[in-house]
Amino acid sequence: MKTGIAGAGAMGSLFASFFIETKIDTVLYEISPETVNCIKNELKIITSGNEIILHPVISDDPSILAEADIIFLFVKSYSTADAAAVILKAAKSGAIIVSLQNGLGNFEALSRSFDPERIVYGTTTFGAAKKSPSEVIFGGRGSVSIGGVSPWAVQKVSDLLVSAGLDVNISDNPERIVWLKALINAGINPIATILGIKNGQILENTYALQIQESILKEAVAAAGSIGLDFDLSMLIEETRSICSKTSVNTCSMLQDHRSGRKTEIDSINMKIVETGEAAGLDMKYNRMVSLIVKAMEEINHM
């Protein structure tokens with residue numbers, strides 16, 4: 001079984017390390033020449049009190065994925081459609097495509113290039129951040145939740161992940177688990193990004209908590225409009241629990257902003273806005289934080 005990873009960011013590099021350490025034949029495709037050159041020298045995974053040095057096979061040529069039986073996408077959500085078009089030309093016809101990306105709409109974007117039977121999607125709660133193009137700070141172990149149209153494809157991906165020592169949950173409703181993570185991210189990432197604070201500091205700010213509750217209330221209503229029912233009080237509790245568990249973490253959206261990169265606000269809060277407004281709902285809090293984050297992006301590029 002040969003595995004491919006598209007996107008050698010923090011999470012793609014971390015999963016590559018899981019696979020390589022357990023002797024799974026793994027290759028990486030990354031469009032940034034700088035990242036490719038750095039990782040060719042070495043990939044360093046930094047954990048508490050330990051460093052793991054690896055030497056992955058990596059290229060900026062998508063043909064490196066040609067023999068992969070399973071290809072994981074770890075690109076930003078706004079790059080999913082473009083990455084899918086490139087991978088489609090390079091991948092063999094039977095390859096399974098896996099999305100564990102943040103945000104909403106990734107399955108739909110992949111479905112425009114691949115047969116849905118070949119797509120497995122879901123979420124992961126592993127934490128990681130890039131210290132440099134070839135250095136990853138491992139933020140803590142988590143699990144992977146996946147599902148898809150084809151039980152056979154889902155099981156193949158589950159077997160691979162389990163063989164790499166990861167905890168895997170198989171869901172018969174992957175859309176719900178993707179939405180759950182998006183709702184939690186919607187209640188954390190824009191607030192931390194706008195205020196420039198770590199996740200745990202949201203819990204220390206009375207006004208930030210009020211904004212968070214308003215965002216989540218709208219988001220639950222938007223999800224309900226497409227038949228996904230979430231309990232608001234339980235979601236608030238879970239979101240604040242995540243803030244506590246990741247209290248010292250800088251969320252990925254704030255990392256992107258500080259690095260001058262585009263954020264994933266469009267596939268998180270703004271996608272929730274579009275869903276809610278299509279049902280005639282008032283989404284003023286999610287729309288406002290989305291516009292503020294997008295304004296911050298524009299300032300970055302002035």
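This write-up is about the structure you can find in this document.

What counts and how
Residues numbered from 1 in each chain as written. Predicted model: local features only at pLDDT ≥ 70, side-chain atom pairs only at ≥ 80, totals over all residues. Heavy atoms only, no water. Salt bridge = Lys/Arg side-chain N within 4 Å of Asp/Glu carboxyl O. Helix = DSSP H or I, 4+ residues; strand = E, 2+ residues; numbered from the N terminus. Buried < 20%, exposed > 50% of the residue type's maximum accessible area, 1.4 Å probe, protein only. Contact = heavy atoms within 4.5 Å. Phe/Tyr/Trp six-rings, centres within 6.5 Å; stacked < 30°, edge-to-face > 60°. Lys NZ or Arg CZ within 6 Å of the ring centre and 35° of its normal.

A word on the pattern of salt bridges
For the coordinates displayed, the defined rule picks out 9 salt bridges. Salt-bridge contacts for arginine 261 lead to aspartate 256; the nearest nitrogen and oxygen are separated by 2.9 Å. Shared partners join several salt bridges into a network, and the residues in it are Lys44, Glu51 and Glu135.

Let's talk about the environment of glycine 147
With respect to the helices and strands, the residue glycine 147 is situated in strand β11 (residues 144-148). Classification of glycine 147 as buried rests on a relative accessible area of 1%. A sequence separation of 72 residues divides glycine 147 from alanine 219, and the C-alpha atoms of the two residues are 23 Å apart. If sequence neighbours within four positions are ignored, glycine 147 has contacts with Ile119, Val120, Tyr121, Val154, Ser171 and Pro174.

Structural notes on the environment of isoleucine 45
Tracing the chain through its elements places isoleucine 45 in strand β3 (residues 43-47). If we ignore the near neighbours within four places in the chain, the residues touching isoleucine 45 are Ser13, Leu14, Ser17, Asn50, Glu51, Ile52, Val136 and Phe138.

Details of the packing of aromatic side chains
Evaluated as defined, the whole model comprises 10 aromatic pairs. Here phenylalanine 18 and phenylalanine 138 contribute two aromatic rings whose centre-to-centre distance is 5.9 Å and whose plane-to-plane angle is 65°, an arrangement assigned as edge-to-face. Here the residue phenylalanine 18 occupies a position in helix α1 (residues 10-21), and phenylalanine 138 occupies one in strand β10 (residues 135-140), the gap between them amounting to 120 residues. Note on phenylalanine 18: relative accessible area 8%, which makes it buried. Grouping aromatic residues by their ring pairs yields a cluster made of Phe15, Phe18, Phe19, Phe72, Phe74, Phe126 and Phe138. Directly above the aromatic system of phenylalanine 230 lies the positively charged group of arginine 176, at a separation of 4.1 Å from the ring centroid. Positioned above the aromatic ring of tyrosine 78 is the side chain of lysine 262, whose terminal nitrogen or guanidinium carbon lies 4.8 Å from the ring centre.

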